[in-house]
Amino acid sequence: LTMASADQKKSFLAKVPLFQGLKDRQILRLADRMVERNYAAGDMIVKQGQGGEGFYVLISGKADATRERSDGEKLVVNSFGPTDYFGELALLDEDGVRTASIAAIEPTTCLVLTRWDFLATLRQDADMAVEILQAVADARDGADARLRERGVQAADSLAHPLRLLGSHAQPQQPHQRPHLHPQAP
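Residues numbered from 1 in each chain as written. Predicted model: local features only at pLDDT ≥ 70, side-chain atom pairs only at ≥ 80, totals over all residues. Heavy atoms only, no water.

**Side note on the sheet that holds strand 4 (residues 63-68)**
Consideration 1: Strand order in the open sheet made by the four strands is 2-7-4-5, with antiparallel pairing throughout. One side of each edge strand has no neighbouring strand; the edge strands of this open sheet are strand 2 (44-46) and strand 5 (74-80). Going from strand to strand, the sheet's axes swing by 30 degrees on average, the running direction of each strand aside.
Consideration 2: Sheet topology note: the strand 4/strand 5 ladder contains six bridges and is antiparallel. In the strand pairing of strand 5, A65 is matched with N78. (Pairing = 2+ DSSP bridges. Helix = DSSP H or I, 4+ residues; strand = E, 2+ residues; numbered from the N terminus. Axes fitted to C-alpha atoms, helices over the stretch in contact; angles between N-to-C directions.)

And the structure:
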């Protein structure tokens, strides 16, 4: 499955749970910045411990997330199929590292959005930033609970990445200058 046009990408992304609260024009703005990447069965898409610089949505195929514990044991902590996504925290935290490795278990095609393109898009639309952050937080709560059920330590808290993005998600009123420091009454 190949998605040549932004409209095809938009139609697909509208089915992705993370983007279901967005307006069509917002999804199209993201679609314009996403690139398609193909992986063969066995290819490593991201590696645990490396810096994360992108967000991935599976168009087709399957991939497994594996976390290596400190004792060297590897656990499959999640499986992904079409419309599933991973790497959302990499969009928010420039210093973050991948908390799991993700490998294609069959030929897999993903749409990829880099952190830089994501932040550029959010700077244009603060409402979209708030909507996506809420969806990420909700999804993260569910993912952490599922990991705890399996006895795997939950991934890093969202508190740090949300703080980092705070300056990007602040809507500014048209005729106001941004305040650097609150004024005493």
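**A closer look at the packing of aromatic side chains**
Consideration 1: Inspection of every chain in the model, using the stated rule, returns four aromatic pairs.
Consideration 2: Ring centres of Y56 and F86 lie 5.0 Å apart, and the angle between their planes is 10 degrees; on these two criteria the pair is classed as stacked. Here F86 lies in strand 6 (residues 85-86) and Y56 lies in strand 3 (residues 54-60), a separation of 30 residues in the sequence.
Consideration 3: Judged by its relative accessible area of 7%, Y56 is buried.
Consideration 4: Here the aromatic rings of F80 and F86 are separated by 5.1 Å at their centres, their planes lie at 45 degrees, and the arrangement is tilted. (Phe/Tyr/Trp six-rings, centres within 6.5 Å; stacked < 30°, edge-to-face > 60°. Buried < 20%, exposed > 50% of the residue type's maximum accessible area, 1.4 Å probe, protein only.)

**Concerning the pattern of salt bridges**
Consideration 1: With the rule as written, the count across this model stands at six salt bridges.
Consideration 2: One salt bridge in this structure joins R25 and D125, with 3.2 Å as the shortest N-O distance. Of this pair, R25 sits in helix 2 (residues 24-33) while D125 sits in the loop between helix 3 (115-124) and helix 4 (126-149), and the two are 100 residues apart along the sequence.
Consideration 3: R25 gets classed as partly exposed once you look at its relative accessible area, which sits at 47%.
Consideration 4: Judged by its relative accessible area of 6%, D125 is buried.
Consideration 5: Ionic contacts of the salt-bridge type, sharing partners, join the residues R25, R29 and D125 into one network. (Salt bridge = Lys/Arg side-chain N within 4 Å of Asp/Glu carboxyl O.)

**Some words on helix 2**
Consideration 1: Taken residue by residue, helix 2 has Q26, I27, L30 and A31 as its buried positions. Projected down its long axis, helix 2 carries its buried residues within an arc of 140 degrees, all on one side. (Arc of directions from axis to C-beta.)

**Considering the sheet that holds strand 1 (residues 35-39)**
Consideration 1: The four strands lie next to each other as 1-8-3-6, forming an open sheet whose pairing is antiparallel. What marks the edges here is a single partner per strand, and that holds for strand 1 and strand 6.
Consideration 2: Bridging between strand 3 and strand 6 involves two bridges; their strand directions are antiparallel. Residue Y56 lies in a different strand from strand 6, and its bridge partner there is F86.
Consideration 3: In the packing of helix 3 onto the sheet, contacts are made with strand 3 and strand 8 (108-114), and the angle to strand 8 comes to roughly 55 degrees. (Contact = heavy atoms within 4.5 Å.)

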